[in-house]
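The residues making up each chain are set out below.
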There are 2 protein chains.
Amino acid sequence: MTAPPTSAGAPASAVRGPGSEQLLADGRTLRYYDDEGGSGAGRERPDERPLTAADRGRAGEVRQDPLTGDWVAVAAHRMTRTFLPPAGQCPLCPSGSAGSSGAPSEVPAADYDVVVLDNRFPSFSAGAVGPEPGSLLDGEELWPVGPAGGRTEVVCFSADHDASFGDLGVERLRTVVRALAHRTEELSALPDVAQVFCFENRGEEIGVTLSHPHGQVYAYPYLPPRTQALLARARAHRAAGGGNLLADVLAAEKRAGTRVVLEAEHWTAYVPAAARWPVEVHLAPHRDVPDLAALEDDEREELAHVQLDLVQRLDRFFDEVEHLPYISGWHQAPTGEGRDLGRLHLQAFSLLRSPGRLKYLAGSESGMAAWVSDRTPEAIAERLREVAR
Amino acid sequence: MTAPPTSAGAPASAVRGPGSEQLLADGRTLRYYDDEGGSGAGRERPDERPLTAADRGRAGEVRQDPLTGDWVAVAAHRMTRTFLPPAGQCPLCPSGSAGSSGAPSEVPAADYDVVVLDNRFPSFSAGAVGPEPGSLLDGEELWPVGPAGGRTEVVCFSADHDASFGDLGVERLRTVVRALAHRTEELSALPDVAQVFCFENRGEEIGVTLSHPHGQVYAYPYLPPRTQALLARARAHRAAGGGNLLADVLAAEKRAGTRVVLEAEHWTAYVPAAARWPVEVHLAPHRDVPDLAALEDDEREELAHVQLDLVQRLDRFFDEVEHLPYISGWHQAPTGEGRDLGRLHLQAFSLLRSPGRLKYLAGSESGMAAWVSDRTPEAIAERLREVAR
């Protein structure tokens, strides 16, 4: 277990500052965040694409599944979204760069460090075209429906089309954490947002449609099923005399030790005892913290080191795989009811069972939500410790 | 909407008879079910492979995820299971046939109609090598663990390696239904089985590891998460003055009509109002029936026609795709508590969004269980009506 070096402390602006905003031609908002705490001010340029607000994608509706209680977003327009565009047509490369063949992209700036922009094909958005909140589909009580409100944003980690998360470096990681914390804070304040989820999908194996290094922010208008299950468990755990469930799980993992991957001053990474993916690791702060926005400066600073270390280890998990395809998501406390039961943690996992072979979610997983795992959590942890540098 | 022809009624033996059993060399049980109600007696042949009980795969353990309450099966041995064997090495073709290159396969008979055998690489089995029931991992209350008891069986639909479900014909469908009903009845009577799930995974796109036409039966030692959610909803629905939730959903779908795909005398197929997959359809009996074993003769007879019709429509969903990759599963009532709240229904769905493009379960789905669908349920239903013959 390696304790990563902790810097003497970056200036407060490096971990707190908001980004500089501009409007795109279709009315979407874009924000620049520069390294070393820079706001990105001065990068704004006119969006020269011939678009208007009418070209802006809008989310559709949400429907509640009567059999499970889960809300399902129906976003029919997303069927036509950009799918693995050819080289030179990347919408996330800076405008005028080689990545966009010199043409205007979705990012007007000639260069940038980190950019956050509203998703062009949103699953959830303020201007959702769905039915009024509280409506019933076909007039049936069994089928509550509403607009797919909330927000979906795209977070570009680098102007370099070919960069990968593990190559970004600590300075950039600080900027990414700052941007995500800022987006979490701002989106959490919106009345129609129940929870903010920041995640990265990486690799064509899991269906990534744009290869430019980027993550996403989903600000859900309802509590997603995983969160609902977690809150129900956390509430029962507390009622039975326990503390914060996620804090107690972290303490138990530290006591057991067999699945701990790394322990730093403010953070511990472990493979959860009931991990369900072929590769899975969680990263949790030692202090009870609801979300990224609530982290102290030294916690953010160490996070930049620890997360980079962890992603680099994931990239070394299989000798033959340079960049592990993965899903990496920050679970944060709900913005409203149940906020005291939540606790920040990163869940990173891969569907890759071995080089060239994916874990598919077939009948048992997709039909019954009953997971069968092929690799023990202890073996995953052992490998993640083995590939430390 | 096509009402399929209903036969005047097959003999009772055609829908009820058990199969003829034999033991394989490694101690697994295999059962033959012949068309026209035949028991398969006479097909038994010695298993000539040089195996003993020591070669028999055993399931591992189940661990409860403290964050969701879900049980996760850990079956590390399955990492080495047979993966897309080359032509001539199919373990499910009859022994001595071209499909097994004349060698002994897992099916000793020289030919068969339908065969059910214990899974060689079980996720759940009576001889699970996991910890004692009621154990705690690392002595922590947060981590209940136990053996992965229960059963997993493989159901071969045809001796013809290249057959597909839609080609089987009504006579064979009757035999498949009979075999599944018999397995449901027998497995449901076991004390360590909480629910029996009969399903087919089809297509390499969803990770099928053997291309021989086959389905599976999972007899879970616990109630899977989807069932637990359904029972909680059904209980609340009844407490609020409703009837059986699944019956009320069927009635509402029939009233709305827009998502109904076919209506027959005993069965209706519809796309659920909150479908979450790019192609999804449910098939439900008109009578309150807990499971396949409880179907009357005329319901089973019509089912053979209706299910065949439905699968053939799925195969015509995309003009360019001959056999739609799909997951098709029979949800049945739990064997114990909550049995009165359950109700038989088939859920068939595909991850194929369009030819060559899959729906991937990325951050929102896999990390939050929050689904975003790209196609409206009404559009799916319209297409499934359009491709009727």
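Note that this is a predicted model, so its numbers are computed, not measured.

## With respect to the overall build of chain A
Scanning chain A from terminus to terminus reveals seven helices and 18 strands. For chain A, whose C-alpha radius of gyration is 21 Å, the value lies close to the compact-globule estimate of 21 Å for 389 residues. Taking the principal axes of its C-alpha atoms as reference, chain A extends roughly 60 × 55 × 40 Å. When burial is assessed residue by residue, chain A has 55% of its 389 residues classed as buried. Nonlocal contacts in chain A, meaning residues at least 24 apart in sequence, comprise 68% of its contacts between residues at least 6 apart.

## Things to note about the confidence of the model for chain A
Per-residue pLDDT for chain A averages 92, and the proportion of residues at 70 or more is 94%. Model confidence for the complex is summarised by a pTM of 0.93, with the ipTM given as 0.92.

## Some points on the domain arrangement of chain A
A common way to report how large an interface is uses the accessible area buried once the components associate. All names here are of chain A. Per the domain assignment, the segments making up chain A are domain 1 (12-220) and domain 2 (227-386). Here the C-alpha centre of domain 2 lies 24 Å away from the C-alpha centre of domain 1. Contact residues are listed per partner, giving 27 residues for domain 1 and 30 residues for domain 2. Elements supplying a minimum of two residues to the side of domain 1 that touches domain 2: α1 (12-16), α2 (170-188) and β9 (195-202). Here the side of domain 1 that touches domain 2 gets nine residues from one element, more than from any other, and that element is α2. Classifying every residue of the side of domain 1 that touches domain 2 gives 15 nonpolar, seven polar and five charged.

## Some points on the packing of α2 of chain A against helix α5 (residues 297-315) of chain A
Residues and elements named next belong to chain A. Their axes nearest at 9 Å, the elements α2 and α5 cross at an angle of 120°. The pairing of α2 with α5 is recorded here as oblique in orientation. The handedness of the crossing between α2 and α5 is right-handed. Residues Val170, Leu173, Arg174 and Val177 of α2 touch α5, and the partners they reach there are Arg300, Leu303, Ala304, His305, Gln307 and Leu308.

## Observations regarding the environment of Arg313 of chain A
Residues and elements named next belong to chain A. The residue Arg313 is located in helix α5 in this model. You can call Arg313 buried: it has 23 C-beta atoms within 10 Å. Sequence spacing of Arg313 and Val387 is 74 residues, and the spatial spacing of their C-alpha atoms is 5.8 Å.

## Some remarks on the relation of the copies chain A and chain B
For the match of chain A to chain B, the screw axis carries a shift of 0.0 Å, the RMSD comes to 0.0 Å, and the turn is 180°. Both copies of the chain, as the preceding transformation shows, are related through a two-fold rotation axis. Proximity to the rotation axis, assessed at the C-alpha, singles out Leu361 of chain A in chain A; its C-alpha lies 4.4 Å from the axis. Looking at chain A, 100% of its interface residues are interface residues in chain B too, so the copies touch through the same face.

## Focus: the interface of chain A and chain B
Of the residues lining the interface, 65 residues belong to chain A; the matching set on chain B comes to 65 residues. In the side of chain A that touches chain B, the residues fall into 36 nonpolar, 16 polar and 13 charged. With two bridges connecting them, strand β4 (residues 71-74) of chain A and strand β18 (residues 372-373) of chain B associate as parallel partners. When the bridges of β18 of chain B are listed, Val74 of chain A appears paired with Ser373 of chain B.

## Considerations on unusual backbone geometry
Positive phi is not limited to glycine here, since Ala369 of chain A has a value of about 60°. Even without a glycine there, the phi angle at Asp138 of chain B is positive, about 55°. Note that Asp138 of chain B resides in the loop between β6 (135-136) and β7 (144-147). Classification of Asp138 of chain B by C-beta neighbours within 10 Å gives partly exposed; the count is 15.

## Some thoughts on the sheet that holds strand β7 (residues 144-147) of chain A
The strand order β6(A)-β7(A)-β3(A)-β4(A)-β18(B) describes an open sheet built from five strands, whose pairing is mixed. Unpaired on one side and paired on the other, β6 (135-136) of chain A together with β18 of chain B mark the two borders of the sheet. Pairing of strand β3 (residues 61-64) of chain A with β7 of chain A, which is carried by three bridges, proceeds in the antiparallel orientation. Within the sheet, the bridge partner assigned to Glu61 of chain A lies in β7 of chain A and is Pro147 of chain A.

## Focus on the sheet that holds β6 of chain B
In spatial order, the strands read β18(A)-β4(B)-β3(B)-β7(B)-β6(B); together these five strands make up an open sheet with mixed pairing. Taken across any chain shown, the strands that pair with only one partner, and hence form the sheet edges, are β18 (372-373) of chain A together with β6 of chain B. Inspection of the sheet shows β6 of chain B paired to β7 of chain B by two bridges, in the antiparallel sense. Paired with Ser135 of chain B across the strands is Val145 of chain B, a residue of β7 of chain B.

## Here we look at the environment of Arg174 of chain B
Residue and element names in this part refer to chain B. When you line up the elements, Arg174 lands in helix α2 (residues 170-188). Overall, the presence of 25 C-beta atoms within 10 Å leaves Arg174 in the buried class. Note: C-alpha distance between Arg174 and Glu140 (34 residues apart in sequence) is 49 Å.

## Describing the pairing of strand β4 (residues 71-74) of chain B
All names here are of chain B. Because side chains alternate across β4, one face comprises the buried residues Trp71 and Ala73, and the other comprises Val72 and Val74, equally buried. Pairing geometry for strand β3 (residues 61-64) and β4, over four bridges, is antiparallel. Bridge assignment links Glu61 to a residue of β4, and that residue is Val74. As consecutive antiparallel partners, β3 and β4 are separated by six residues, and within that stretch Gly69 has a phi angle of approximately 85°, a positive value.

## Side note on α2 of chain B
Under the 1.5 Å per step criterion, the end-to-end length of α2 of chain B is 26 Å for 19 residues, consistent within 8% with the ideal 27 Å. Of all 19 residues making up α2 of chain B, 14 are buried, and the element is well covered by its neighbours.

## Some words on the pairing of strand β1 (residues 20-23) of chain A
Residues and elements named next belong to chain A. Looking at chain direction, β1 and strand β2 (residues 29-33) are connected through four bridges and run antiparallel. Bridged to Gln22 within β2 is Leu30. Connecting the antiparallel pair β1 and β2 is a turn made up of five residues, with Gly27 showing a positive phi of about 95°.

## Description of helix α7 (residues 377-386) of chain B
Residue and element names in this part refer to chain B. Taken together, the buried positions of α7 are occupied by Pro377, Ile380, Ala381 and Leu384. Along the axis of α7, the buried residues cluster in a sector spanning 95°; they form a single face. For α7, the elements touching its buried residues are β11 (260-263), β12 (267-270), β13 (279-285) and α5 (297-315).

## Some words on the environment of Gly336 of chain A
Position of Gly336 of chain A relative to the elements: it lies in the loop between β14 (326-331) and β15 (345-350). Counting along the chain gives 148 residues from Gly336 of chain A to Ser188 of chain A, while the straight-line C-alpha distance between them is 9.0 Å.

Procedures and definitions
The residue count restarts for each chain, going from 1 along the sequence in the order it is written. Chains carry letters and ligands carry numbers; both start at the beginning, A for chains and 1 for ligands, and go up in the order they are written. At least 70 in pLDDT is required for a residue's local features to be given in this predicted model, at least 80 for side-chain atom pairs to be given and counted, and no such filter applies to totals for whole chains, interfaces and linings, which use all residues. In this description a helix means any DSSP run of H or I spanning at least four residues, a strand means any run of E spanning at least two, and both kinds are numbered starting from the N terminus. What the globule rule says is 2.2 Å times the number of residues to the power 0.38, and the radius of gyration is computed from C-alpha atoms. Any residue whose C-beta has 12 or fewer other C-beta atoms within 10 Å is treated as exposed, any with 20 or more as buried, and any in between as partly exposed, C-beta atoms being built from the backbone. Here, residue contact means that the backbone-derived C-beta atoms of the two residues sit within 7 Å. A score between 0 and 100, pLDDT records how confident the predictor is in each residue. All domain edges in this entry derive from an automatic or database-based domain assignment. Any residue that is not Ala, Val, Leu, Ile, Met, Phe, Trp, Tyr, Cys, Pro, Asp, Glu, Lys or Arg is counted as polar, Gly included; the first ten are nonpolar and the last four charged. Geometry is summarised by axes, namely lines fitted to C-alpha atoms with helices restricted to the contacting stretch, and by angles between N-to-C directions that run from 0 to 180 degrees. Any angle that falls under 35 degrees is termed roughly parallel, while one over 145 is termed roughly antiparallel, one within 65 to 115 roughly perpendicular, and all others oblique. For a crossing to be left-handed, the near helix must be turned anticlockwise from the far one by less than a right angle; the clockwise case is right-handed. When the copies are overlaid, the least-squares fit takes in C-alpha atoms only where the residue has pLDDT of at least 70 in both copies. We call two strands paired when DSSP finds no fewer than two bridges between them. What a helix is expected to span follows from its residue count: subtract one and scale by 1.5 Å. The directions considered for the arc run from the helix axis to the C-beta atoms.

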